[in-house]
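Spelled out, the chains give:
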Amino acid sequence: MRKNKAMIFWFCLPALLSLVIMFVYPVCRTVVMSFFQVESVTATTADWSFYGLGNYFKIFGSASFMTSMRNMLLIWIVGGVFTLLLAMLMAVVVTSGIRGKKFFRAAIYMPNIISAVALATMWIQYIFQYDYGLLNTIVQLFGGDKVKWLGTDLKFWAMTGSFIFGSVGYYMLIYISGIEGIPQDLYEAATIDGAGKGRQFFDITLPLLKGVIKTSITFWSINTTTFFLWTKMFSPIDTESSTIVPVIYLYDMVFGGKGITQRDAGAGAAVGVVLTLIIIAVYLITERLFKGSDLEY
Amino acid sequence: MKKILSALLASVMVLAMLAGCSNQPSASSNPPAESNPPAAASQPAENNNNNESTGGKTITMWSMWSSGEPQANVISAAAAAFEEQTGVKVNIEFKGRDVNKVLAASLEANENIDIIEDDYKRIGTVYNKFTYDLTDMAKAANYDSFSYACLNNQSIKWAGYLNAIAEQPQIGGIFYDKDAFAKAEITAEPKTWSEFLDVCQKLKDAGVAPLAQDSAYCDFAFYHTLVRYLGEEKIEELDLNGGWSGTAAEQAAQDIIDLVKAGYFVDGAPDEFPSSENKIGFGLAAMVICADYVTAEVNNNTGTQVNWGLFNYPAVDGGADNGAAYMGANSLAITSYSQNPQEAFDFIMFLTTGEWGQKLADDAHQIPADSRNTAPADLTGTIETLQAAESPMTWCAGLSANADIKDTIKSLCVELFEGKYATGADFCAALDALY
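About the cut-offs
- Numbers given to residues run from 1 along each chain, matching the order in which its sequence is written.
- Chain A is the first chain written and ligand 1 is the first ligand written, with later ones labelled in order.
- Thresholds applied to this predicted model are a pLDDT of at least 70 for local features of residues and 80 or more for the giving and counting of side-chain atom pairs; totals over whole chains, interfaces and linings are not thresholded and use all residues.
- Elements are defined by DSSP. Helices are runs of H or I of four residues or more, strands are runs of E of two residues or more, and each kind is numbered from the N terminus.
- Two residues qualify as being in contact provided that their C-beta atoms, derived from the backbone, are within 7 Å of each other.
- Put plainly, a residue is buried at 20 or more neighbouring C-beta atoms within 10 Å of its own, exposed at 12 or fewer, and partly exposed in between, counting only other residues' C-beta atoms, which are placed from the backbone.
- The nonpolar core criterion groups buried Ala, Val, Leu, Ile, Met, Phe, Trp, Tyr and Cys residues into a set whenever they are joined through C-beta atoms within 7 Å.
- Start and end points for every domain follow an automatic or database-based domain assignment.
- A helix is expected to span 1.5 Å multiplied by its residue count minus one.
- As used here, the arc is the angular range of directions from the helix axis to the C-beta atoms.
- What pLDDT conveys is the predictor's confidence in a given residue, as a value from 0 to 100.
- Paired strands, as defined in this entry, are two strands with at least two bridges between them according to DSSP.
- Between the N-to-C directions of two axes lies an angle of 0 to 180 degrees, each axis being a line fitted to C-alpha atoms and, for a helix, fitted only over the stretch in contact.
- By definition in this entry, angles of less than 35 degrees are roughly parallel, angles greater than 145 are roughly antiparallel, angles of 65 to 115 are roughly perpendicular, and the rest are oblique.
- Crossing handedness follows the turn of the near helix against the far one: under a right angle anticlockwise gives a left-handed crossing, and clockwise gives a right-handed one.
- Residue classes follow a fixed rule: Ala, Val, Leu, Ile, Met, Phe, Trp, Tyr, Cys and Pro count as nonpolar, while Asp, Glu, Lys and Arg count as charged, and any other residue, Gly among them, counts as polar.

Draft legend 1. Region of the structure containing the overall build of chain B. Scanning chain B for helices and strands turns up 20 helices and 8 strands. If you take every contact in chain B between residues at least 6 apart in sequence, the share linking residues at least 24 apart comes to 75%.

Draft legend 2. Representation of the environment of B:G124. Residue and element names in this part refer to chain B. When you line up the elements, G124 lands in helix α5 (residues 120-125). Given 24 C-beta atoms within 10 Å, G124 falls into the buried group. Setting aside chain neighbours within four positions, we find G124 in contact with S155, W158, A159, N163 and A164.

Draft legend 3. Structural detail: unusual backbone geometry. All names here are of chain B. The step from A269 to P270 runs through a cis peptide bond, and the omega angle for that step is -5°. Examined against the element boundaries, P270 turns out to sit in the loop between α12 (249-261) and α13 (275-281). At the junction of F273 and P274, the peptide bond is cis and its omega measures out at 0° in the coordinates. At N142, a residue that is not glycine, the phi angle is positive and equals roughly 55°. Mapped onto the elements of the fold, N142 is located in the loop between α6 (135-140) and α7 (149-159). The class of N142 is exposed, set by 9 C-beta atoms lying within 10 Å.

Draft legend 4. Geometry of the nonpolar core. Residues B:L211 and B:A249 are the most contacted members of the largest nonpolar core, which totals 132 residues. Take this core: its biggest share by element is 9 residues, from helix α10 (residues 218-230) of chain B. Built from parts of two domains, this core gets at least three residues from each of domain 1 (51-170 + 328-382) and domain 2 (172-326 + 393-432) of chain B. If we skip the residues at most four places from it in the chain, B:L211 touches B:L259, B:Y264, B:F265, B:V266, B:A285, B:M287 and B:V288. Membership of the second largest hydrophobic core comes to 39 residues, among which are A:A158, A:F163, A:F227 and A:I244.

Draft legend 5. Fine view of α12(B). All names here are of chain B. Taking 1.5 Å of rise per residue, the 13 residues of α12 would be expected to cover 18 Å, and the 18 Å separating its terminal C-alpha atoms lies within 8% of that figure. Among all positions of α12, only A249, Q251, A252, A253, D255, I256, I257 and L259 are buried. Buried residues in α12 make contact with α9 (193-205), β5 (209-212), α10, α11 (232-241), α19 (406-418) and α20 (424-432). Just past α12, the residue G263 takes up positive phi, approximately 75°.

Draft legend 6. Broad picture of the interface of chain A and chain B. Counting from both sides, the interface comprises 37 residues of chain A and, opposite them, 39 residues of chain B. Elements that contribute at least two residues to the side of chain A that touches chain B include exactly α1 (5-33) and α3 (63-94) of chain A. Considering each element in turn, the side of chain A that touches chain B owes the most residues, 8 residues, to α1(A).

Draft legend 7. Examining helix α14 (residues 293-302) of chain B more closely. Residues and elements named next belong to chain B. Among the residues making up α14, those that are buried are V294, T295 and V298. Taken around the axis of α14, the buried residues stretch over an arc of 105°, which confines them to a single face. Of the surrounding secondary structure, the elements contacted by the buried residues of α14 are β4 (165-177), α13, β6 (285-291) and β7 (308-311).

Draft legend 8. Examining the confidence of the model for chain B more closely. All names here are of chain B. Of the residues in chain B, 87% reach a pLDDT of 70 or more, and the chain-wide mean stands at 87. Element-level pLDDT for chain B is lowest in helix α2 (residues 51-54), with a mean of 47, against a maximum mean of 98 in β5. A low-confidence stretch, residues 18-53 stays under pLDDT 50, and its non-local contacts, those more than four residues away or across chains, total 41 contacts.

Draft legend 9. Here's a closer look at the pairing of strand β8 (residues 327-334) of chain B. All names here are of chain B. Most of β8 is tucked away: 8 of the 8 residues are buried. Neither face of β8 is exposed, since M327, A329, S331 and A333 on one face and G328, N330, L332 and I334 on the opposite face are all buried. Strand direction decides the pairing type here: strand β3 (residues 115-119) and β8, joined by 5 bridges, are antiparallel. In the strand pairing of β8, D118 is matched with S331. Where β4 meets β8, 6 bridges bridge the pair, whose relative direction is antiparallel. Bridge assignment links P169 to a residue of β8, and that residue is A329.

Draft legend 10. Geometry of the packing of α3(A) against helix α7 (residues 155-180) of chain A. Residue and element names in this part refer to chain A. Between α3 and α7, the shortest axis-to-axis distance is 7 Å and the interhelical angle comes to 40°. Considering their axes alone, α3 and α7 lie oblique with respect to each other. As for the relative orientation of α3 and α7, their crossing is right-handed in sense. Its residues placed into classes, the contact of α3 with α7 shows 20 nonpolar, 5 polar and no charged.

Structure below.
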């Protein structure tokens, strides 16, 4: 069939317009806004006043923002290591030919089909509950004293642990699809050559999953930088420093919080730009680290 | 032919997309406002039953409740009754508690809204550029005679004019279980800090933990003590500039530390909301520092009917503001660009006073906005307290003045109730380290 360039253009136009109006324009506006003092996110440009890098100095000089960045970094590193390793382990186990493969796959993925609000409520009101919660019941069974899982010392880790629980299944599915794409011939040949399961994992599975790992790290970075709901659930009335993350800081800056009437959309925009730059940086670093990982087999 | 067909199809898609992006209200859901000029503020509808003067109009209200909540059910029923009486349709959109996240932007965009509903402080300070001056309409309705002067005066102080009508007045203090007090043979509510400590000891001796405390309200609880010692203005000054050490804030923190050390908080406190306050419903704790909605929360959560009482936070020796009490309101306001302000005001009066005001108080278990109505049994006395109050204490406004550190201050307050500080001076030093 002969290519009709005009037809391609007209059919692409709606998608292009949507992209420009709903994505490119807001992104550009946010970047520009981050250099201005703007109270309301919908204020007209006539109400903007140029502020240079003032918003960036403001957020990096803010104790709350720096705490939120530290929290995000911890979720990214600690949560990332646990989530991706557990997901990899589960994926390898589930694809190893064990009985009940479908059941385990569904069971591990199940937290992803439950509303995160319900999931967080279960953790807060049942598992971590001080008086009759699951964890303290177990602790007491072994003769220990009840632990304040949601006290200021442990709240962040309680939240991160719950988030990991809700995330493992998603990454497990990604790894399963990657593992199932690896030809069985390679494993058969390795088995004939006397390679054990461990050797096969480190010398076949892992190298051939580099591309998938790269993708999952990027996804995890995006999930971490847009971390929002779990903080809201673990700090139900108002934000607390033990659970604050940059998106919550941004949200409070732009819209105000309980009892807070100050708003600063310019600073909020600066936070948005910083987060975007972080995601881009992570993407570029993983691209460099996993260079040449897109193998065909 | 193919080219023409392709071009037509693409054009239709673009048009459909642009139509979808339009913010014009559809005729079916949001009929356009009529072109008649706003009703004179000084001429309220004298007869709500006059269908000829107001019939056929539609007003739009953005509510802070979620559909299905008791407040939402009453508002919907009131709107139906109002339409039946006046012919004015009230189109209600239940936006939920986070309505404040979208209201400012929507008002700036002149969204088709006549009535907004939110915390009266935000109405007075954030939305005030977009709110209608209700002074004349309120005067004509003799609003002063049955509303609460302290709330009206506060709205006027913030906005410069009366721009909010209280729908759900709130009052804070120490809510307690009268039965627990009776069990501990406590006959009088404490008025001073030493009397309060006596009450705590008697309760403890009677086998009831004196105080429940959820971490979500730790800053609110500590704020009461701070206000007693320093007053709100001084707290705000310290919050903005630091310098807590060496002030009476040290004694305020020490008072909390002493409560913790004496074992006056229920096991697990500060707990995750609402676990600790629920312990009053389970008979494990006797008192909680909160606003009046705690009574309904505990009753609903635990399925009990606690015999509630309320007293103001006790006075401290040499306190700067020993009489302050938290008072606030979720209120209703009319947009400055509303085409039907009089109809909107009539609906607000219809909803918050008389029969529907009483229903709102009963069903939502709240203090009536109309002081001529009756408060639910366990909120007895709240109307009189609100009427007698002169200037209300805010919800931690002093501790929230510095937005950059308010989250950290809140966490420090939780740590204070966790008993992490040996002395009040240590706590104030931790506060000063934030600057």
